[in-house]
Amino acid sequence: MEQQNVLEVRNLSVSLPKNADRPNAVENISFTVAPGEIVCVVGESGSGKSVTASAVMGLLPAALKPSTGETLLQGEDTLQANANRLRDLRGTRMAMIFQEPMTALNPVTRVGEQISEVLEIHTDLSAADRRKRAIEIMEAVHLPDPEKMVDSFPHQLSGGQRQRIMIAMALVLDPALLIADEPTTALDVTTQAQILKLIKEMQERRGTGVLFITHDFGVVAEIADRIVVMQNGRVVEYGDRDDVLRRPKEPYTQMLMASVPSMTPPDRMPRTGKNAIEVSNLNKIYGRTGWLSKDRIVHAASNVDLHVRRGETLGIVGESGSGKSTVARCIARLIDPTSGTISLHGTDIGTLPQAKLRPHRRKVQIVFQDPYRSLNPRRTIGQSLVEAPVNFGVPIDQALKTARDLMELVGLSGDALERYPHQFSGGQRQRICIARALAVEPDVLIADEAVSALDVSVQAQVLELLDDIRERYDLAMLFITHDLRVAAQICDRLIVMKKGVVVEQGPTKEVYSNPQHDYTRLLLDAAPGRDVTFGSDTAA
Amino acid sequence: MLSYLLRRLIATIPVMLLVAVFVFMLLRLTPGDPAAIIAGDYANDAQIAEIRTKLGLDKPLPVQFMVWLGNMFQGDFGESFFYKKQVGELIAARLEPTLSLSLLTIILTVCIAVPLGTLAAYRQGSWLDRGIMGFSVLGFSLPVFVIGYMLIYLFSIKLGWLPVQGYQRISDGVGGWLLRLILPSIALSVIFVAFIARMTRTSVLEVLGEDYIRTARAKGQTETRVLMRHAVRNAAVPIVTVIGLSFAILIGGVVVTESVFNLPGLGLLTVEAVLARDFPTIQAVILLFSFIYVLINLLIDVSYTVLDPRIRY
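Here the structure is a predicted model, which is why all the values come from computation and not from measurement. (Residues numbered from 1 in each chain as written. Chains lettered and ligands numbered in written order. Predicted model: local features only at pLDDT ≥ 70, side-chain atom pairs only at ≥ 80, totals over all residues. Heavy atoms only, no water.)

A. Expanded view of the overall build of chain B. The helix and strand tally for chain B stands at 13 helices and zero strands. In chain B, the succession of helices and strands from N to C terminus is α-α-α-α-α-α-α-α-α-α-α-α-α. Seen through its C-alpha atoms, chain B measures out along the principal axes to roughly 85 × 55 × 35 Å. Within chain B, contacts between residues at least 6 apart in sequence are counted, and of these 73% link residues at least 24 apart. Summed over all atoms, the accessible surface of chain B reaches about 15,800 Å², with 69% contributed by carbon and sulfur. (Helix = DSSP H or I, 4+ residues; strand = E, 2+ residues; numbered from the N terminus. Contact = heavy atoms within 4.5 Å. Areas by Shrake-Rupley, 256 points an atom, 1.4 Å probe, with all protein chains shown as cover.)

Below, the structure is given as structure tokens:
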């Protein structure tokens, strides 16, 4: 006997406001989620995957209106339900978890209260019983010491623990449908692996239907039963996991799969250029010993040694809190190291006072993670690009000419200098940030998670650009990332960091094929979708 | 927490000392001989000399300062030249009207402004929002004495519902006390309602865009509770800050209102003291106001830790 689907989306269209770039956020999409099944909706930003989820929950922003279709939750159309009915359904029959567990939880309310709030809304349980249920469900999602943790505030928990709280909150009333919107995107890879396992366990044990929204094909490979591929608001491919992942029919799916960097590093020639930068015994200690206050000290970086040759890319990989960005920022002297030497062409810039540091600043440039926030929104691209060269005494005309050339080098039109950052897409902005870094002709380019915020197809292009620029200018590149797939493809050598300490280093190929440290092995094993082949060189 | 409080309290000592030095110098730096000023235009040399000895003005400045400071620590703020009374008693008598007015005003303000601002944020862009914001512009632009006289004209003179002016001690009956304070509080609160409603709107608007608001809705929570439980609580820190600062400004700024409604409070006392060059009174009033400011700032900071568990010192 066929069980009733927990969710059936039929011909759903959601229209966008008039001035948007397309008429519909999602257009005529259909798919189903059966009980105990995980359906992954995968797509790049703007594909309409989150809009679909919000439409089902009735949580669409006021500007977006479903125009046609149905979203049947166990046969009941949630698009037609009134506000009261929707509130009754939320939390009881459909529940949702979100991307950023820190911001998705109310920071000023204890986590136990946030879980029991669901019970307070939908049941008649007494306060004591609600607390009991909250502790039980926290136990079920494997939170340590729930009796104590129930009274914690969100900021006292780790990212993974917070996401477990979110899951506990969503599942406390055993909903038929769980919608997970990028639930592991903000988490470290080892934490991500645990959360994916938990979602799978909950879905199996409770028979919940899961609608899992993600941009990450690795995660899809790890968790999906069936896959919906979306592009620009339409479903381009829909089928069983193995069909879509191993035999993608549509060119768009094939392109997406090919853009996912492979976990197998390519062969790279060892670089033999001169050392552009040498770091030894670098320490960065945060915190202070205060009068009348407890000592709070964090060793963000402990005795880090590294060097980067000209023309070489050194990757620093690690999870959040590993100190990888601290090291990068110390090298760029955006923060002051506590001790240690940073030798740039034989000059120690590690302890140089600000005034004497200035001439050396141009030698080390940095590209940040978020291209939306690293360009001043009120200045034109031209103004941003000439600012640094002019500071270093280049005449404005010459700086503008260089800026124009650089824009073309990074694949944008030289005419774009007159425009403002918001007129560009994320990938284009990251290209602009790279051009900005190159404008002062640096020797060392630091890319701090520079491709992490980009969609895979754009990510592939920006990685190619970075590699190209390194080659062309013989740059020493320091590539900071948490993404082992990206690191595999672009780095000549790797440093693995954990809690401020370098635990392993070596040529990329060796680190991946023969990891020495337990932590490196843990990281490599946690990378999702290891059993599926991605990447342009292997995808047919 | 306790150690934080202790540290903050200790930190107020240098601030108060600095104010004390300033206040002390105020009298000493006045052109001419303070004793001569105090004695007035018709005093003879002997009288001036007597005053000088009495005030200790013949001793070196640091000694004078220490004596003055020591007296104050014992609650002796000196004698008013003008009223010929102990300044301590004078201020104590004037404290009640001012505190009553300020407290009532701030309570009124908070009760009106916070719900208005929250509502405006929740219905952003609606006629309600525009109405509230329009009122707030009006509130900013109307001087307190204009509102005061308008209210007196309407409610006291035309309608005869409320007394025109004056003050009744709370010990002589809460009813009469409240009746006489209603109009001044309303007049004084208008500008603060405008200010705090605006601040609340901005702060709540920001919070309404947060992910946890969406989470609360995804739980099936009602809109009212989403606002009360999740939005306002999180928006509270900036709102409480301006409420605290408003209160501080209020206490120092009741002069006009006290004049319009003829309330015998600190504001009127300050004006009278300044006009009469009554230095001991001026000094004591300045010190008192500074102390209140410091205290309110401390309270604001402490309230942060209560409102937001992430803030720890």
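That was the structure; now back to the text.
B. Main features of the overall build of chain A. Within chain A, the secondary structure is distributed over 20 helices and 20 strands. Each of the 540 residues in chain A was classed as buried or not, and the buried ones make up 54%. When contacts within chain A are restricted to residue pairs at least 6 apart in sequence, long-range pairs at least 24 apart make up 70% of them. Just so you have it, chain A exposes about 23,300 Å², and 47% of that area is on carbon and sulfur atoms. Computing the positive centroid from 62 side-chain charges and the negative centroid from 68, chain A places the two 5 Å apart. (Buried < 20%, exposed > 50% of the residue type's maximum accessible area, 1.4 Å probe, protein only. Lys, Arg positive; Asp, Glu negative; His and termini not counted. Charge placed at Lys NZ, Arg CZ, Asp CG, Glu CD.)

C. Representation of the sheet that holds strand β4 (residues 65-73) of chain A. All names here are of chain A. Within the open sheet, the four strands sit side by side as β2-β1-β4-β5. Their pairing is antiparallel. In this open sheet, the two strands that pair with only one neighbour each are β2 (24-33) and β5 (76-77). With respect to the sheet, helix α1 (residues 49-57) is in contact with β1 (7-15), β2 and β4, its orientation differing from that of β1 by roughly 110°. (Pairing = 2+ DSSP bridges. Axes fitted to C-alpha atoms, helices over the stretch in contact; angles between N-to-C directions.)

D. View of the sheet that holds strand β10 (residues 234-240) of chain A. Residues and elements named next belong to chain A. Spatially, the six strands line up as an open sheet ordered β6-β7-β8-β3-β9-β10, and their pairing is mixed. For this open sheet the edge positions go to β6 (94-97) and β10, each flanked by a neighbour on one side alone. Pairs of neighbouring strands in the sheet enclose a mean axial angle of 15°, with direction left out of account. Direction of pairing for strand β3 (residues 38-43) relative to strand β8 (residues 209-214): parallel, over a ladder of five bridges. Paired with cysteine 40 across the two strands is phenylalanine 212, which belongs to β8. Against the sheet, helix α8 (residues 189-206) touches β3, β6 and β8, its axis set at about 155° to β8.

E. Structural detail: the UniProt feature "domain: ABC transporter" (unreviewed entry) in chain A. In this numbering, the UniProt entry assigns the feature "domain: ABC transporter" (unreviewed entry) to residues 7-257 and 277-524 of chain A. With 40% helix and 25% strand, residues 7-257 of chain A has its two end C-alpha atoms placed 27 Å apart. (UniProt positions renumbered as here; feature names shortened; annotations may be inferred.)

F. Seen up close, empty space enclosed by the protein. For the coordinates displayed, the defined rule picks out six cavities of 30 Å³ or more. When its volume is computed, the largest cavity comes out at roughly 80 Å³. Surrounding the largest cavity, Gly91(A), Ala95(A), Met96(A), Phe98(A), Val118(A), Met166(A), Met169(A), Ala170(A), Thr215(B), Ala218(B) and Lys219(B) form its lining. Mapped by element, the contributors of at least two residues to the lining of the largest cavity are β6 and α7 (159-171) of chain A together with α9 (211-218) of chain B. It is α7(A) that provides the largest number of residues to the lining of the largest cavity, a total of three residues. Along the lines of polarity and charge, the residues of the lining of the largest cavity split into eight nonpolar, two polar and one charged. Of the voids in this model, the second largest cavity is the one considered here, and its volume is about 50 Å³. In terms of lining residues, the second largest cavity is bounded by Ile331(A), Ala332(A), Arg333(A), Ile349(A), Leu357(A), His360(A), Arg361(A) and Val364(A). Here the lining of the second largest cavity gets three residues from one element, more than from any other, and that element is helix α13 (residues 354-361) of chain A. Counted by class, the lining of the second largest cavity contains five nonpolar, one polar and two charged residues. (1 Å grid on protein atoms, 1.4 Å probe; cavity = no way out; pocket = protein on both sides within 12 Å on 5 of 7 lines; lining within 4 Å. Points joined across faces, edges and corners; volume = space filled by probe spheres on them. Nonpolar A, V, L, I, M, F, W, Y, C, P; charged D, E, K, R; others polar.)

G. Focus on the nonpolar core. Core analysis: the biggest nonpolar cluster contains 90 residues, and Leu7(A), Val14(A), Phe31(A), Ile115(A), Leu177(A), Leu211(A) and Phe212(A) have the highest contact counts within it. Of the residues forming this core, the biggest block, seven residues, is contributed by α7(A). Residues within four places of Val14(A) in sequence aside, it is in contact with Asn24(A), Ala25(A), Val26(A), Val51(A), Ala55(A), Leu60(A), Leu64(A), Lys65(A), Pro66(A) and Ser67(A). Counting 57 residues, the second-largest nonpolar core is a separate cluster that includes Ala121(B), Ile152(B), Tyr167(B) and Tyr304(B). (Core = buried A, V, L, I, M, F, W, Y, C linked by side-chain atoms within 4.5 Å.)

H. Just the pairing of strand β17 (residues 444-448) of chain A, in detail. Residue and element names in this part refer to chain A. For β17, the tally of buried residues reaches five of five residues, placing the bulk of the element in the interior. The alternating pattern of β17 places Val444, Ile446 and Asp448 on one face and Leu445 and Ala447 on the opposite face, and all of these are buried. Of the pairings in the sheet, the one linking strand β16 (residues 364-367) to β17 comprises four bridges and is parallel in character. Bridge pairing in β17 links valine 364 to valine 444. Relative to strand β18 (residues 476-481), β17 runs parallel, the two being bridged by five bridges. Across the sheet, isoleucine 446 pairs through a bridge with leucine 478, a residue of β18.

I. View of helix α17 (residues 456-473) of chain A. If you check α17(A), its first and last C-alpha atoms are 26 Å apart, about what 18 residues at 1.5 Å a residue would give, namely 26 Å. The first or second residue beyond α17(A) is Asp474(A), which carries a positive phi of 55°. (Expected span 1.5 Å × (residues − 1).)

J. Examining the packing of helix α7 (residues 144-158) of chain B against helix α8 (residues 174-208) of chain B more closely. Residues and elements named next belong to chain B. The contact between α7 and α8 brings their axes to 9 Å, and the two run at 145°. In the crossing of α7 with α8, the sense of the turn from one axis to the other is right-handed. Only Leu183, Ile186, Ala187, Leu188 and Val190 of α8 make contact with α7, whose side of the interface consists of Val144, Ile147, Gly148, Leu151, Ile152, Phe155 and Ser156. Here the residues of the contact of α7 with α8 are counted per class, giving 10 nonpolar, two polar and no charged. (Left-handed = near helix turned anticlockwise from the far one by under 90°.)

K. A look at the domain arrangement of chain A. Residue and element names in this part refer to chain A. Domain boundaries in chain A define domain 1 (7-257) and domain 2 (311-331 + 353-526). Spacing between the C-alpha centres of domain 1 and domain 2 amounts to 33 Å. In this assembly, nine residues from domain 1 lie in contact with 10 residues from domain 2. The largest contributions to the domain 1 side of the interface with domain 2 come from Asp188, Val189 and Thr190, which together make up 51% of the buried area. Joining domain 1 to domain 2, the criterion identifies zero salt bridges. Of all elements in the fold, only α8 and α11 (251-259) reach the threshold of two or more residues within the side of domain 1 that touches domain 2. Per-class residue counts for the side of domain 1 that touches domain 2 are four nonpolar, three polar and two charged. (Domains from an automatic or database assignment. Buried area = accessible area lost by both parts, 1.4 Å probe. Salt bridge = Lys/Arg side-chain N within 4 Å of Asp/Glu carboxyl O.)

L. Up close: the packing of aromatic side chains. Residue and element names in this part refer to chain B. The full count for this structure, using the stated rule, is four aromatic pairs over all chains. On the basis of an interplanar angle of 70° and a centroid distance of 5.0 Å, the ring pair of phenylalanine 24 and phenylalanine 65 is categorised as edge-to-face. One end of the pair, phenylalanine 24, is in helix α1 (residues 2-28); the other, phenylalanine 65, is in helix α4 (residues 61-73), and 41 residues separate them in sequence. Just as phenylalanine 24 is buried, phenylalanine 65 falls in that class too. Ring plane angle 35° and centroid distance 6.0 Å describe the contact between phenylalanine 65 and tryptophan 68, whose orientation is recorded as tilted. On the criterion of helical spacing, the pair formed by phenylalanine 65 and tryptophan 68 is a turn pair, its members being three residues apart in helix α4. (Phe/Tyr/Trp six-rings, centres within 6.5 Å; stacked < 30°, edge-to-face > 60°.)

M. How the structure looks around the pattern of salt bridges. Here the structure, examined in full by the defined rule, presents 43 salt bridges over all chains. The salt bridge involving Asp336(A) is made with Arg333(A); its shortest N-O contact spans 3.0 Å. For Asp336(A), a relative accessible area of 39% puts it in the partly exposed group. Measuring nitrogen to oxygen at the nearest pair gives 3.7 Å for the salt bridge that ties Asp211(B) to Arg214(B).

N. How the structure looks around helix α12 (residues 266-275) of chain B. Residue and element names in this part refer to chain B. Looking only at α12, the buried set comprises Leu266, Gly267, Leu268, Leu269 and Ala273. Buried positions along α12 lie against α5 (87-122), α11 (255-260) and α13 (279-307). Once α12 finishes, arginine 277 follows within two positions and takes phi at roughly 50°, a positive value.

O. The arrangement of the environment of Asp172(B) in detail. Locating Asp172(B) in the fold gives a position in the loop between α7 and α8. Residue Asp172(B) is classed as exposed on the basis of its relative accessible area, which comes to 55%.

P. Looking closely at a nonpolar patch on the surface. On the surface, Tyr153(B), Leu154(B), Ile157(B), Leu159(B), Trp161(B) and Val164(B) cluster together into a nonpolar patch covering about 630 Å² of accessible area. On the secondary structure map, Tyr153(B) appears in helix α7. (Patch = residues over 30% accessible without salt bridge, like charges linked within 9 Å, V, L, I, M, F, W, Y side chains within 5 Å.)

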